[in-house]
Amino acid sequence: MHSSAVPARIIAWQAVIGCVGAVLWLLHSVPASVAALAGGFGSALLSLQFALRVFSRDGSTQPRLVVAAFYRAQVFKLITAAAMFGVVAKFFTAY
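Predicted model, so just to flag it, every value in this text is computed and none were measured.

> Looking at this structure, how should I read helix α3 (residues 63–91)?
Helical geometry: 3.6 residues make up each α-helical turn, so side chains three or four residues apart lie on a common side. Across its 29 residues, α3 extends 42 Å between first and last C-alpha, which sits within 8% of the 42 Å expected from 1.5 Å per residue. For α3, the set of buried residues is Ala69, Ala73 and Ala81. Where the residues of α3 are buried, they touch α2 (30–55).

> For this particular structure, what's the right way to read helix α1 (residues 5–26)?
Between its first and last C-alpha, α1 extends 31 Å over 22 residues, near the 32 Å set by a 1.5 Å rise per residue. Considered for burial, the residues of α1 that qualify are Pro7, Ile11, Ala15, Gly18, Gly21 and Ala22. Buried residues of α1 fall within an arc of 125° about the axis and therefore sit on the same side. Counted as exposed and oriented over 90 degrees from the buried face of α1: Trp13, Ile17, Val23 and Leu24. Looking at the buried positions of α1, the neighbouring elements they touch are α2.

> Just checking my understanding: could you explain the packing of aromatic side chains for this structure?
Pairs of aromatic rings are described using the distance from one ring centre to the other and the angle between the two planes. Taken as a whole, this structure holds 2 aromatic pairs when the rule is applied. On the numbers, 5.5 Å between centres and 85° between planes, the contact of Phe70 with Tyr71 is edge-to-face. Through pairs of rings, three or more aromatic residues link up here, namely Phe50, Phe70 and Tyr71. A cation over an aromatic ring shows up here: Lys77 above the ring of Phe50, its NZ or CZ 5.5 Å from the ring centre.

Scoring rules and cut-offs
- Residues numbered from 1 in each chain as written.
- Predicted model: local features only at pLDDT ≥ 70, side-chain atom pairs only at ≥ 80, totals over all residues.
- Heavy atoms only, no water.
- Helix = DSSP H or I, 4+ residues; strand = E, 2+ residues; numbered from the N terminus.
- Expected span 1.5 Å × (residues − 1).
- Buried < 20%, exposed > 50% of the residue type's maximum accessible area, 1.4 Å probe, protein only.
- Contact = heavy atoms within 4.5 Å.
- Arc of directions from axis to C-beta.
- Phe/Tyr/Trp six-rings, centres within 6.5 Å; stacked < 30°, edge-to-face > 60°.
- Lys NZ or Arg CZ within 6 Å of the ring centre and 35° of its normal.

If you want it as structure tokens, here you go:
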């Protein structure tokens, strides 16, 4: 299996789960459905940026640089997720 196949499948599944959640929450209300869709796609986008940062390295890159890229990407992902939670708390408080 190609090294980018697993991250691509994870990102695709996160988007699918967000869409399914949005459809299910549509039975309750449109704002709840939008909140679910935003959460699903937000998660997928965070995973996508992580995968792009980590897996864009050349195969000949030194291992220490790959590990450094992994940690930098993870820190960026956590900070961005925290910011997203702040936005969600502000705009989707009721949901």
